[in-house]
Structure formats: C-alpha cells, structure tokens
Amino acid sequence: MTPSRTRNTTPAFAFGSPSKFSSSGDETPPEYPDLGADPLLFSPGNCPWPSSKPAPYSFLAHVLHQLSQTKSRILLLNILTNALRFFIAHDTASITPSLYIISNSLAPSYVPIELGLGPSVLSKALQSVSGLKSSALRTLYHSLGDPGDVAYAAKASVRTLMPHPPLSIVGVYASLVKISKAKGSGTAKQRQSIVEQLLLSAKGEEVRYIMRTLSQNLRVGAVRTTILTALARATALTRPTNYANLASSSSPYFVSEDVLEIVQPLPDKKGKKKGDMVDEARNVAMTKMAAAESLIKMVFVKHPCFDDIVEAYLSSGLESLAEKVPLTVGTPLLPTLGSPTRSLDEIYARLGSLPFAAEFKYDGQRAQVHAFLPTASSSIGMSSTVQPIVKIFSRHLEDMTEKYPDVVALVREYFTPVGALPPPELAGNTDVDNFPLSSLILDAEIVAWDTDGDTTKSFQELSNRARKDVQLADVTLPVCLFVFDLMYLNSKSLLSEPFRERRRLLRSRFIPRIMPPSLGGARLRHVESVDSDATGEREDVQTFWEHAVESRCEGLMVKLLDSGEILEEEGEEEEEDGGNNKGTSSPKKSKRKTRRKPLPATYEPDKRTSAWLKLKKDYVDGIGDSLDLVPIGAWHGNGRKAAWWSPILLAVWDEKLGRLVAVCKCMSGFTDAFYKALNDRYPENSETCSRVPLGDYECYRSPLDGIGLQPSVYFSPREVWEIRGADITVSPVSVAALGSVSDTRGLSVRFPRFMRVRDDKTIEQATRSDVLAEMWRKQAGASTNGTIRTGVDEGELVDAEIVESEIEEDDYDA
DNA sequence: GTGTCTTGATGAC
DNA sequence: ATCCGACCCATTCGG
DNA sequence: CCGAATGGGTCGGATGTCATCAAGACAC
C-alpha cells in the first residue's frame, strides 16, 4: 500500500504537476525528478544539475516543495533520502549546508551564531523587492499565515527586469552566515540588503522557501529526527564517488550494488525473478539501512554536529564514525528527557516494583557542565598553573558559560589537587580512574539562591542574571548547582552505567561545597531525593512529593535506578530488538499474556522514556492554579492555524473597576473542533468580534504608554473558560491586578492552557483580580521562605507580611 | 558625539 | 515549556 | 482468515510569559 500523496498547503498557489517543479517565473525552470520513490528502487545516478557545478538552490527548493506536499512520514523520508543521495553522489559540499537549511539552523546550537532577522526587516525587504505596501503584506499575512507564502504571493505579482544569476545551495548558506555575522551600527540595513539580494535572485518556489528559511521556520514536516534517518539511509545506499573504492559488501552499513540490483523490478517482459531472492535482498538492505540509522543517531545524540559527522563520513565512511565522532568533553550531548505523568499512581503503574529514586525537580535552568584539564602539550612544565577548562550548556545546548562565571569557579575547585584525598568510599576503588579529577560531564539544575534564608529563589529571579560577558565581580545573584547525574568522569564515558552507579560516583566525587563571595558564592549540592527501596513504603514517596510541592519545587523527577524490565498487560508481542534489525527480527514470539519490555537505567541522550518520569504539580488535579477567565479578543493564527483565532486574549474580573481586565494570551489546549466552533461564535466583523472593543474592558495601562496587550480583534465578553497555569507571574505588560502587587506591574500566568468552558459561570463570576493577587502572594510567600524580594521591580512591592520564618519545616502562612 | 529610551531578536522555562 | 493532530505500526475485532 | 478499527509511540508545529542584549531613534 503506497500512501497517497496529499496536499496540505494552501491551494491558492497551485502548480501544475506535483512531481514537477514549476514556477511562475519567466524562465523555464529545470525539471527535477520526483523524489518520493522507494529509495531501494531509485537511482541518483543522473545528476539533475550541470554536474560540474555546485548544486543549485532550485533543487533544494524542489525538495522542500515536495516535502511540503505530503504528511506521510514514509514519503517524507523517501524524498529526503533520495535528495541527500544526489548530494552524496554529485556535490558533497552541499550536504552540510543542506542539512542545516532543512533543520532551520546555521550551525550546532552550541556555536553562537544567529540570523538576527525578524519580521520587521523581512517585511521591509519584501516591500522593497515586491513594491507592495506594508498594509498589503499584512493583509496577505492574515490570510496566508506564513511569511514564505506571503513572499511568494507578493513576488509573483511583479516581474524582475534584470536576470539574476541562479542561487546555489552553498551560496545561500554563505549569505545566511553573512547575515548573521553583521555587527555594529547599520546592521539592519546590511542584513536587509542581503535579504533583498536573495529575494531578487530567487525564482518561483525558491522565494517561498528562502523566506521561510529567513524566518527560521521551514514547516515542511521534517526536522531533526527525520533528517538523521534520511541521512543514514542515504549513506547506506550511496557512496561519494571518491570513496567508491572503499566500498565493501561486507560492511554492516552499506547496501552493495548487487543487492540493489536484485531488488529492482524486471523491465516488463521476462516476468519473474525469484520472489524469495528479492525478499531476501530487500531484508539485507533494510537491515543495513537500519544499522546505519541507529549508528548515525547514536553518534549524533552524543555529538550533535552535522559538520563533524559528515566530515568523518566523507573521509572514512560509516565504519569508523563512532570512533571518529565520539562523546567529547567540551561538546554537549543531548540531555535525557522526562516523560510527564499525572500522579504517583501512574508512576507506579509504569515502573511496577522496580526501584527508583524520586528527586526534587527544582525550578531553575538545566545545565550540562563539562570540565577538563588541558593536556600537557598546552602546559609544558608547571602543571599546577593550568586551569581546568569549564563549559556550561543549556537544555537546548546553547553555550551559557559566560552567564555563570561563579559556577565555572565552583567546578574548577573540584580539580584542585592540594590536600585532596579520595573520600573513604573511593579508597581502593579500582573501577574508575584514580583521584584526582581530570575530566567530567555532569547534569544539573542551576537555581537562584537566597543566601540569607538558605533556600532557593524563583525562576523569575534567576532570569534576571546578566548573560553576556559576566565577570565574577559582577555576580550579584548567587546560585546553587543542584547536580543529579554524571555522564563522564576521568576520560571514561558513564553513559552505559546504570543510574545507581552514576549517582554513586557523583555523590562520592562531588561533596557539597560553597564558594566564597569573592568567587561568586555559588554552591554545589545534590538534589534532594529518596529511594523507593530505602524503606519500601509507598507512603514515604507520597510524603516526599508533598514535601517537594511545599518547597515550591515544580514537582518530582522519578528515575529508574537499575536496568530492568517492565511488564505490560495483555497481548503477545514479538521480541523487541532495539531497532537494530527492524523487519528481520526473529520469528520467536512469547505467547504470554503479559509481555516484558526492557527498560534501561543507562543515560539515554534525547530519549523520553519511563526511566525518567516527571511529576509536576501543575499536571496534578487539585494542585496548581486554575483560573476562570473571559475571552475578550484574539489574533490571526499562523501556519496550520491560519484560518482560526489564535492566540486568544483572556481577562479577569476586576471588582473595583467593575470591568474586565486583560491578563494573558492562551493558545494551548484547544482542539481543532473548538477553533472551528470559535469562528462561528466570533466571526470577524460581527456583533461578537470586531476591530474595535466590544465591551467594557481594559487592555492597557493608559492609551498613551503602550503598555498592555493589544489584540487584532476584540470579542464581546460572553463566556468563561477554565484555564490552568503553572504559576502567577509579575508582568511588565499585563495590567491585571495593577497596583495590588506593584504600581507598575500587573500579574499574568505562566504556561496558560485551556481546560474547559464554564457554562455555569457568568462573566462577573470570573476570577477576580484581587483573588489573582492573593494567589500570587501565597505563591511568593511559599517561594521565598520568609523573604519576599522578586528583584524584578523598583522596590515598591506591597508587603506580603511574611515574617522571617526559621526553618524550611513548615511555613504555609495563614 | 553621548546618553537614554524604544524596538526587535533570541532564548530560558 | 504547553498541547493537539497526523502518521505508523502492531494488535484486536468483526464478519 | 482477512480487512477494518483501535491504541500507543513518535514526531512536528503553533504558540504562552518573561528576561537580556544589541541596535535604532531621538534629544541634546
């Protein structure tokens, strides 16, 4: 069954045949092949562009266009795979730029390079290229909901007089880099002119995808995972020409020509090939592609850099990729992720009786810390003067070392050999390298620290820290590094060690420590935790969870301690084999009513499995904040929500003012059906939805100062929605509860999402702003353990009357 | 020029 | 971060 | 016994609040 190709882009700009690249431009564009075919039956032998030249951007646009014509993952993968095979076969220099362009990036995230372009510059550039006014573009944007589609439409209406040289993929990539390198005064102008050049040179569909790349959202249904799979399959099927002689049919990754030969269907007449042979060859090919896939993914999650991977592949093939591109101290690996759960019951249901650790989930910033001593070559002689190199990466692998010089200093201290003796637990331990420390990668949460109260501070306070070029002396807000995992120690990867062992090493190597204020005052601690097998009592875990919530943590992280198996009810299943031989797995079946599924407790980069479960208080019914708010306005949606209102502006009821006051926007939690129904209830330019306000509500502080939330359209207030959020935040834009917490700031909601319509409530029964303020006080009170200082204001916070409390014990204030 | 305020881009959750 | 929807695969169900 | 229905897993996309920082705009 071949999935049928379905269109999912707006038909407003339909082209001829979906399999042909066509353009509204004046020149006849090159004809490119349909790339959707099964890669095993597809040959990239004929170069679709003049083969001596770099691959043209029009080819990439063709690929992107084909991708956006379908939602089928199989087709998506086929198209991408075949496209990459052309680059491998005919222009290896275009591989990496293509990978970056397809994944909406310019470089690995830990390399600080950004386009620095936004809607304003793009709109100006498009105005200048198309001759259309900004208002015309805005109208187009409201109906199309995508900058690329707007650019395509706008440029389709004009004819360029001067022919422009065709764009190449490497050329476009170079332009993107040039845009991001622009600096200093006049940057915007410079960038705009490069954008204009690109738009002028782009023809037909190229315009759409250039513009989408510039606005950093390609929306073709394929990002990282799909790209990696396609890259793996492409490398399994096609070799670069200069590498052909190294081809070996015995490679576990490379599908040799003779295998491909067998798989091909015979040209009509001599009707039969041995079916068995074909099946077998197909299986061989699939197995090898799957092997390549797991290899490339395994390498990438430990070393997420296309440049390094492609370079190693081109120089010596897949066979030595793992050794050439290893886990590297100084290069971040993808973090393990937690699966959300809604209750402790669910956690036990998922883990059965397997022992786990429950840890506090602090509300701060994830940090992956790398550190190592530079080797002798850079420090001939006095090794004592050599400082360890420390790098700190964020959840998305951005390099944030500059933001935390205090943490850098703290981590360096652990390398200090003076007087350092192995702690007793390590004495005589031979399973790791000896003391002292030489290199490490650890996982942690950085949390703002209240030195006086000896407790954590809120996330909002942490985000007040400066980010760029911070000196130790500049650090005003101390932090605590709550460490919770250790992935690498003294030149040895610990990824395949079970969590219990990694944690043992972490605990024995990193004894809590506080740096003096002169070094920024950062401290290191281990996350607070309990083990389920410590007492075996489920009640203890429940108590611990309550303790976490009271300590204003986000909740718990629950982590499997030892690799095990979970039992799943019902059904029989083929043996799981880790995807290594998909399609060829052994025919053995376990005919039991429960099936076993291995659940590793190893460090699994980028995986969201049951081995790490997060239980956040705002997932759990009855805890966390729920508000009843009134929809009073909206904006035009983008992309797939282009035909709907999204997001929606919501308001609280203000008793004192006797009117509604805007508090936050909301776009999460609505079903498509709900959006459609909303269009019926609030059709544009009607009694219920208009460009002018349709009710007595307040969105701004004053019409003059521009502070506030201004929707594209206003609703007449007539319904109440239950909204769930994680926290109440002090807001520089919201005017809700203005004056009750600060004279200049209102209150808003963190992570708002729609739960249900409250038919039973009138708008006057919506949550009142004083109740909102009360919720904030309660939360702030709990969150600082006695001292309120948000640091985000000018000090005129209303006193929440919280007396210094002594210990963390209990301080649920009256 | 310099200083201050505004705006837009980016990234943390 | 949040959530929803589409797709895919495996398994169960209905005839 | 086969095709249709169903459910879980995975992926992609649209967008929330708040913060900093760089560059632009404007006043002098």
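Attention in this report is confined to the structure presented alongside it. Since the model is a prediction, treat every value here as computed from it, not as a measurement.

## Section: the overall build of chain A
- From N to C terminus, chain A includes 22 helices and 27 strands.
- Looking at chain A residue by residue over its 814 residues, the buried ones come to 50%.
- Long-range contacts, defined here as pairs at least 24 residues apart, represent 73% of the contacts in chain A between residues at least 6 apart.
- Surface accessibility of chain A: about 38300 Å² in total, with carbon and sulfur atoms responsible for 53%.

## Some words on the protein's contact with DNA strand D
- Close to DNA strand D lie 41 residues, the nearest being Gly221, Thr226, Arg467, Asn638 and Met667.
- Sugar and phosphate atoms form 86% of the subset of DNA strand D atoms that lie within 4 Å of the protein.
- Here a phosphate oxygen of DNA strand D and a side-chain polar atom of Asn217 are 3.2 Å apart.
- The separation between a phosphate oxygen of DNA strand D and a polar main-chain atom of Gly221 is 2.5 Å.
- For the surface near DNA strand D, the elements supplying multiple residues, two or more each, are helix H8 (187-201), helix H10 (224-237), strand E19 (645-654), strand E20 (659-666), strand E25 (727-731) and strand E26 (746-750).
- For the surface near DNA strand D, the element with the most residues is E25, which contributes three residues.

## Topic: the protein's contact with DNA strand B
- Taken together, 19 residues form the shell around DNA strand B, and within it Gly116, Gly118, Pro119, Gln365 and Ser394 come nearest.
- The protein-proximal atoms of DNA strand B, defined as those within 4 Å of the protein, are 94% sugar or phosphate.
- For DNA strand B, a phosphate oxygen lies 2.3 Å from a polar atom in the backbone of Gly116.
- Going through the elements one at a time, helix H4 (119-130) and strand E3 (365-372) are the ones with two or more residues in the surface near DNA strand B.
- Residue composition of the surface near DNA strand B, grouped by class: five nonpolar, eight polar and six charged.

## Re the pattern of salt bridges
- Inspection of every chain in the model, using the stated rule, returns 41 salt bridges.
- Among the ionic pairs, Asp146 bridges to Arg219, the shortest N-O distance being 2.4 Å. One end of the pair, Asp146, is in the loop between helix H5 (134-144) and helix H6 (147-156); the other, Arg219, is in the loop between helix H9 (205-214) and H10, with 73 residues separating them in the sequence.
- A relative accessible area of 1% places Asp146 in the buried class.
- By relative accessible area, which is 34% here, Arg219 ends up partly exposed.
- For Arg366, the salt bridge identified is with Asp443, shortest N-O distance 2.7 Å. In this pair, Arg366 is assigned in strand E3 and Asp443 in strand E5 (residues 439-450), connecting sequence segments 77 residues apart.
- Bridged by salt links that share partners, the residues Asp146, Asp149, Glu205, Arg208, Arg212 and Arg219 form one connected network.

## Some remarks on the sheet that holds strand E1 (residues 337-341)
- If you trace the five strands from one edge of the open sheet to the other, you get E1-E17-E12-E2-E11, paired in mixed fashion. Looking along the sheet, the strands with just one partner apiece sit at the ends: E1 and strand E11 (529-531). Averaged over neighbouring strand pairs, the angle between their axes works out to 30 degrees when direction is ignored.
- Pairing geometry for E1 and strand E17 (residues 608-616), over five bridges, is parallel. Paired with Leu337 across the strands is Arg608, a residue of E17.
- On the sheet, helix H15 (residues 344-351) packs against E1, strand E2 (356-361), strand E12 (555-560) and E17 and is oriented at approximately 170 degrees with respect to E17.
- Contacts from helix H18 (residues 499-509) reach E2, E11, E12 and E17, with the element oriented near 135 degrees to E11.

## Some points on the environment of Pro693
- Inspection of the secondary structure puts Pro693 in the loop between strand E21 (689-690) and strand E22 (697-698).
- Spatially, the C-alpha atoms of Pro693 and Ile632 are 8.6 Å apart, while their sequence positions differ by 61 residues.

## Digging into H6
- Among the ten residues of H6, eight are classified as buried, and the element is accordingly described as predominantly covered.
- Inspection of H6 places Gly148, Asp149, Val150, Ala151, Tyr152, Ala153, Ala154 and Lys155 among the buried residues, and these make up the whole buried set.
- Two or three places before Gly148, at the opening of H6, Asp146 has a side-chain oxygen 2.6 Å from that residue's backbone nitrogen.

## As for the packing of helix H1 (residues 57-68) against H9
- Taken N-terminus to C-terminus, the directions of H1 and H9 make an angle of 80 degrees; their axes are 9 Å apart at the nearest point. By the angle class used here, H1 and H9 are roughly perpendicular. For the pair formed by H1 and H9, the contact residues are Tyr57, Ser58, Ala61, Leu64, His65 and Ser68 on the first element and Glu205, Glu206, Tyr209 and Ile210 on the second.
- Tallied by class, the residues present in the contact of H1 with H9 amount to five nonpolar, three polar and two charged.

## Examining unusual backbone geometry
- Geometrically, the link from Ser646 to Pro647 is a cis peptide bond, its omega value of -5 degrees lying close to zero.
- Among the structural elements, Pro647 can be located in strand E19.
- A positive phi is found at Asp454, a non-glycine position, where the angle reads about 55 degrees.
- By the secondary structure assignment, Asp454 is in the loop between E5 and strand E6 (455-456).
- Accessibility expressed as a relative area gives 40% for Asp454, which makes it partly exposed.

How each quantity is defined
- Residues numbered from 1 in each chain as written.
- Chains lettered and ligands numbered in written order.
- Predicted model: local features only at pLDDT ≥ 70, side-chain atom pairs only at ≥ 80, totals over all residues.
- Heavy atoms only, no water.
- Helix = DSSP H or I, 4+ residues; strand = E, 2+ residues; numbered from the N terminus.
- Buried < 20%, exposed > 50% of the residue type's maximum accessible area, 1.4 Å probe, protein only.
- Contact = heavy atoms within 4.5 Å.
- Areas by Shrake-Rupley, 256 points an atom, 1.4 Å probe, with all protein chains shown as cover.
- Near = heavy atom within 4 Å.
- Polar contact = N/O pair within 3.5 Å; in protein donor to acceptor, adjacent residues only side chain to side chain.
- Nonpolar A, V, L, I, M, F, W, Y, C, P; charged D, E, K, R; others polar.
- Salt bridge = Lys/Arg side-chain N within 4 Å of Asp/Glu carboxyl O.
- Pairing = 2+ DSSP bridges.
- Axes fitted to C-alpha atoms, helices over the stretch in contact; angles between N-to-C directions.
- Parallel < 35°, antiparallel > 145°, perpendicular 65-115°, else oblique.

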